[in-house]
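Next come the chains, spelled out residue by residue.
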Amino acid sequence: MKVHPRCSYCLLSRVHQEAELSTDDEELIQKAILGGIDVLNSLYEPGMPAAELSTPMHRKAYEILDDNDPYKSMKELSSKTASRFMPVIRSHVFNGDGDDVATFKRAVLAAVIGNYFDYGVMGLEVPIDVFDETFKEHFQRGLDIDDTEKMLDKLSNVVYLADNCGEILIDTLVFEIIKKMGGNITLVVRGAPILNDVTMEEIEEFGIADKVDRVLTTGSNAIGVRLQEAPAELKDAFDNASLIISKGMANYETMSEENYRPIAYLLKVKCDPVGEDIGAPKGCSVARLFE
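For clarity, every value in this text was computed on a predicted model and none was experimentally measured. (Residues numbered from 1 in each chain as written. Predicted model: local features only at pLDDT ≥ 70, side-chain atom pairs only at ≥ 80, totals over all residues. Heavy atoms only, no water.)

Looking now at the overall build of the chain. Looking only at helices and strands, one finds twelve helices and seven strands in the chain. Radius of gyration (C-alpha) of the chain: 18 Å, near the 19 Å computed for a compact globule of 291 residues. Considered along the principal axes of its C-alpha atoms, the chain spans approximately 60 × 40 × 35 Å. Looking at the chain as a whole, 56% of its 291 residues are labelled buried. Across the chain, the fraction of contacts at a sequence separation of at least 24, relative to all contacts at a separation of at least 6, is 70%. Accessible surface for the chain amounts to roughly 12100 Å². Of this, 47% is attributable to carbon and sulfur atoms. Each charge class in the chain can be summarised by its mean position, and for the 30 positive and 50 negative side chains these summaries are 4 Å apart. (Helix = DSSP H or I, 4+ residues; strand = E, 2+ residues; numbered from the N terminus. Rg over C-alpha atoms; globule rule 2.2 N^0.38 Å. Buried < 20%, exposed > 50% of the residue type's maximum accessible area, 1.4 Å probe, protein only. Contact = heavy atoms within 4.5 Å. Areas by Shrake-Rupley, 256 points an atom, 1.4 Å probe, with all protein chains shown as cover. Lys, Arg positive; Asp, Glu negative; His and termini not counted. Charge placed at Lys NZ, Arg CZ, Asp CG, Glu CD.)

As structure tokens, this is what we get:
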């Protein structure tokens, strides 16, 4: 995905947010914002890949703040909230009908709804205090773009690119049904903390490695997947996958710049530029397959 003019001020708003999460020092917050502006001024070019701007901006902010995980408390809150509501989410997905195909669709829908509970997207209010009500409302509405049936014959060797903390717990329901249907899963998480994305720390904390066949990392704290920083093992996994499942907007922004096929994007459209690029208005629940 290419950068949009609106990305510039959204990125600066997120730099401001992570600075306030990291410190109460107004001078340091100002320095972080100025650092983001400097990167924006030096790198921004119309038509450049969006993540080639966002990654340096966040890295500069983390460097100035001397904080490699300013979202740590937010990540913990997301995980606690998702853990609390997992029984009711699971009851929606595994409702006892015994239909694996329908269960896969419901699991994908739940995972997409989980992507809605994000922090730092400008203009998005995260209704974490009414998680259960919001989840039920979106579950009843269903997927706005639903290519799940086209994915069913491609689940033998899945590479699953994870996104945020909290929602990774909901993703495990997708893992469970894929395993039940005979597929193998390579889970991919960030190589180091960036925003509220899941890393190996959360995988170990919640025992998620036991739910998949192997866990790899992106090799760095880049937004999404930066292939020039990715380990060879991950590139091999992409090359040999029967299906790549890319979760969330950051992974979409980077993987849509590559030529891997087939790839399925699971995400809640949370901003207009992503919606315009993938072809779905803001607010849509998307499970779109590109073959």
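Past the structure itself, the notes keep going.
Here we come to the nonpolar core. As a rule of thumb, soluble globular proteins bury nonpolar side chains together. If you look at the biggest cluster of nonpolar residues, it comprises 45 residues, and the most contacted ones within it are I89, Y160, I168 and L187. Every residue in contact with L187, bar those within four places of it in the chain, is listed here: Y160, A162, I168, F175, I203, I208, V212, R214, V215 and L216. Grouped together as the second largest cluster of nonpolar side chains are 28 residues, I244, L267, V269 and V286 included. (Core = buried A, V, L, I, M, F, W, Y, C linked by side-chain atoms within 4.5 Å.)

The subject of this paragraph is the environment of T148. Of note, T148 is situated in helix 7 (residues 148–151). Take T148: its relative accessible area is 2%, and that puts it in the buried class. Residues T148 and R288 lie 140 residues apart in sequence; the distance between their C-alpha atoms is 7.8 Å. Looking at T148, its side chain comes within polar contact range of the side chain of D146, at 2.5 Å. (Polar contact = N/O pair within 3.5 Å; in protein donor to acceptor, adjacent residues only side chain to side chain.)

Time to look at the environment of R141. Relative to the helices and strands, R141 is located in helix 6 (residues 131–141). Since its relative accessible area comes to 46%, R141 is described here as partly exposed. C-alpha separation for the pair R141 and C284, spaced 143 residues apart in sequence, amounts to 10.0 Å. If we skip the residues at most four places from it in the chain, R141 touches K268, G283, C284 and S285. Engagement of the side chain of R141 in a polar contact is seen with the side chain of D144, the distance being 2.9 Å.

Tallied over the full model, the rule gives zero disulfides. Summary of cysteine pairing: C271 is not part of a disulfide, and the nearest cysteine sulfur, belonging to C10, is at 6.5 Å. This cysteine, C284, is not joined by any disulfide, and C271 carries the nearest cysteine sulfur, 13 Å off. C284 sits in the buried class, given a relative accessible area of 12%. (Disulfide = S-S within 2.5 Å.)

Further remarks concern the pattern of salt bridges. Under the definition given, this model contains 26 salt bridges. A salt bridge links R226 to E52; the nearest nitrogen and oxygen atoms lie 3.0 Å apart. With R226 in the loop between strand 4 (214–217) and helix 10 (232–240) and E52 in helix 3 (residues 51–65), this pair connects stretches of sequence that are 174 residues apart. By relative accessible area, which is 19% here, R226 ends up buried. Exposure remark for E52: the relative accessible area of 27% places this residue in the partly exposed category. The partner of E167 in a salt bridge is K247, and the shortest N-O contact between them spans 2.6 Å. (Salt bridge = Lys/Arg side-chain N within 4 Å of Asp/Glu carboxyl O.)

Once that is clear, we can look at a negative patch on the surface. A cluster of acidic residues, E20, D24, D25 and E26, forms a negative patch on the protein surface. Tracing the sequence through the fold places D25 in the loop between helix 1 (5–22) and helix 2 (26–43). On the basis of relative accessibility, which here comes to 40%, the residue D25 falls in the partly exposed class. (Patch = residues over 30% accessible without salt bridge, like charges linked within 9 Å, V, L, I, M, F, W, Y side chains within 5 Å.)

Before going further, it helps to spend a moment on the side chain of D67. Mapping D67 onto the fold places it in the loop between helix 3 and helix 4 (72–93). Buried within the structure, D67 lacks any salt-bridge partner; its nearest side chain of opposite charge belongs to K72, at an N-O separation of 9.3 Å. Among the polar contacts made by the side chain of D67, one reaches the side chain of S22 at a distance of 2.8 Å. Setting aside chain neighbours within four positions, we find D67 in contact with S22 and Y62.

Mean pLDDT for the chain: 93, with 95% of residues reaching 70 or above. Note on residues 120–124: pLDDT is under 50 here. Beyond four places in sequence and across chains, it has eleven contacts. (pLDDT = per-residue confidence, 0-100.)

Now for the packing of helix 5 (residues 100–114) against helix 8 (residues 167–180). In the contact formed by helix 5 and helix 8, the axes pass within 8 Å of each other and the chain directions differ by 165°. Between helix 5 and helix 8, the angle is such that the two are roughly antiparallel. Our pair here, helix 5 against helix 8, has a crossing hand that is left-handed. Counted together, D100, T103, F104, A107, V108, A110, A111 and G114 of helix 5 and E167, I170, D171, L173, V174, I177, I178 and K180 of helix 8 form the full contact between these two elements. Class assignment of the residues belonging to the contact of helix 5 with helix 8 gives a composition of ten nonpolar, two polar and four charged. (Axes fitted to C-alpha atoms, helices over the stretch in contact; angles between N-to-C directions. Parallel < 35°, antiparallel > 145°, perpendicular 65-115°, else oblique. Left-handed = near helix turned anticlockwise from the far one by under 90°. Nonpolar A, V, L, I, M, F, W, Y, C, P; charged D, E, K, R; others polar.)

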